[in-house]
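Reading the structure
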Amino acid sequence: MALRLCSYNIEWFDDLFTKSNTLKTDADSRPRQEAIRDVLQMVNADLIGIVEAPNTTTTTGSQSTVECLENFAQWAQLRTTKVLTGFISGGRQELALLYDPNKLSAQHAPGGKTTSKSNPRFNGQFLYDTDDDRIKEVYKFYRPPLEARVKIKGTNRSFYLILAHPKSKGIFAPVDFLRWERENQRNRRKLYAECEWIRRRVDEWLDKGRQVVVMGDMNDGPGMDSYEYQFARSAVEIIMGDLFKPGRVLRNHAGRPKWKNYGWEPSSARFKDRVTETYVNVLIDHIMVSPSIKVSGNSPHKVWNPFQLDDARAKKDLPPIHHMGHSSCLLISP
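Summarised in this report is the structure supplied together with it. (Residues numbered from 1 in each chain as written. Predicted model: local features only at pLDDT ≥ 70, side-chain atom pairs only at ≥ 80, totals over all residues. Heavy atoms only, no water.)

1. Description of the side chain of Glu-137
Definition in use: Helical segments are the DSSP runs of H or I of at least four residues, strand segments are the runs of E of at least two, and each set is numbered from the N terminus. Think of it in three bands: residues with accessible area under 20% of the maximum for their type are buried, residues over 50% are exposed, and the middle band is partly exposed, with areas taken using a 1.4 Å probe on protein chains only. All tallies of charge rest on Lys and Arg as positive and Asp and Glu as negative; His and the ends of each chain are not included. Definition used for salt bridges: Asp or Glu carboxyl oxygen within 4 Å of a side-chain nitrogen of Lys or Arg. Each polar contact in these results corresponds to two N or O atoms within 3.5 Å; when the atoms are within protein, one needs to be able to donate a hydrogen and the other to accept it, and residues that are neighboring in sequence are counted only if both atoms are side-chain atoms. In what follows, a contact means two residues having at least one pair of non-hydrogen atoms within 4.5 Å.
Tracing the backbone shows Glu-137 in strand E7 (residues 137-139). Buried charge Glu-137 goes without a salt bridge, the closest partner of opposite sign being Arg-189 at 7.2 Å. Looking at Glu-137, its side chain comes within polar contact range of the side chain of Tyr-139, at 3.5 Å. Those residues within four positions of Glu-137 in sequence are excluded, and the remaining contacts are Phe-126, Leu-127, Tyr-128, Asp-129, Thr-130 and Asp-131.

Spelled out as structure tokens, the structure:
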């Protein structure tokens, strides 16, 4: 049975909900809610990894990611009506799975060990030397990746999934060029450490003979910028694995993006270049699968960019299309 998986960063999705987990009904919120609904209905995925999902408030307990998303699914008449979350973040927004309970079941399945220094739980601390000074730095996830065991109903098959949103490379505060350069390097080192941590979990699961899916907004892509040449790697390639161990390399069926007139294609997002003041298209949303997971169809991987994908052009004129986020979709046969 083929399954359609989708990773969707719905930017500031939390802004569309009240503190009591219901949908806002004001004139500004409703058009964006309807546009997101239309996109999710069009993609029609069996499982959607929501990046920047609504908040869960741990102090008062009033806000709930699960309640918000299940209320949205009911309002939008989606078949993905069940929601799973993992370790709750210490800040705003969460990672969540929205899935079809008639086809799938999902449970939080954290790997690693609480006492481990090389492969700890994602809500712990990771010690890793990113600057080659033989001193390990301490890294923590702002938003711990969501680990899930996904079972396919009516079969004895299952796969393990990681939904992640590693460190952003962006610098959003006004700085001089020297500090900008320093912050760039620091952000990339943290991004690489977080992706190495994710890769350690992938290796743990592969050692146990599990089928593995890693997806989300990785804030990076192969060949994206000059820093990749400086550090001789990209964050996505760290997660994909070692080329000298081809049987353990995660497959990225989007293929290597090509440079076109407006940046990379396919692309899932765009950002304003600080130097040129122009917008550049980038592919930062990825779905990677272990070799034992087969894909379905001639074009199994789609980036639902309405300006590049013919199947999505019908949604190009949605009023808030530039504020709906970015996504990637893959059809698999685990």
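Having put the structure on the table, let's press on.
2. Quick look at the pairing of strand E4 (residues 94-99)
Operational definition: We treat two strands as partners when DSSP finds at least two bridges between them.
The buried fraction of E4 amounts to 6 of the 6 residues, a majority that puts the element mostly inside the structure. Covered by surrounding structure in E4 are Glu-94, Ala-96 and Leu-98 together with Leu-95, Leu-97 and Tyr-99, the residues of both alternating faces. Bridging between strand E2 (residues 47-53) and E4 involves 6 bridges; their strand directions are antiparallel. Of the residues in E4, the one forming a bridge with Ile-48 is Leu-98.

3. So, helix H3 (residues 177-207)
What counts, and what does not: By this rule the span expected of a helix is its residue count minus one, scaled by 1.5 Å.
Compared with the 45 Å implied by 1.5 Å per residue over 31 residues, the 45 Å span of H3 between its first and last C-alpha is a close match. Of the residues one or two after H3, Gly-209 is the one with positive phi, at around 75°.

4. Describing helix H1 (residues 29-43)
A rise of 1.5 Å per residue sets the reference length of H1, with its 15 residues, at 21 Å; its end C-alpha atoms lie 22 Å apart and thus fit the reference within 8%. Buried residues of H1: Ser-29, Arg-32, Gln-33, Ala-35, Ile-36, Asp-38, Val-39, Leu-40 and Val-43, and no others. At its buried positions, H1 is contacted by strand E1 (3-9), E2, helix H2 (65-76) and strand E19 (326-333). Asn-44 occupies a position one or two residues after H1 and carries a positive phi of about 55°.

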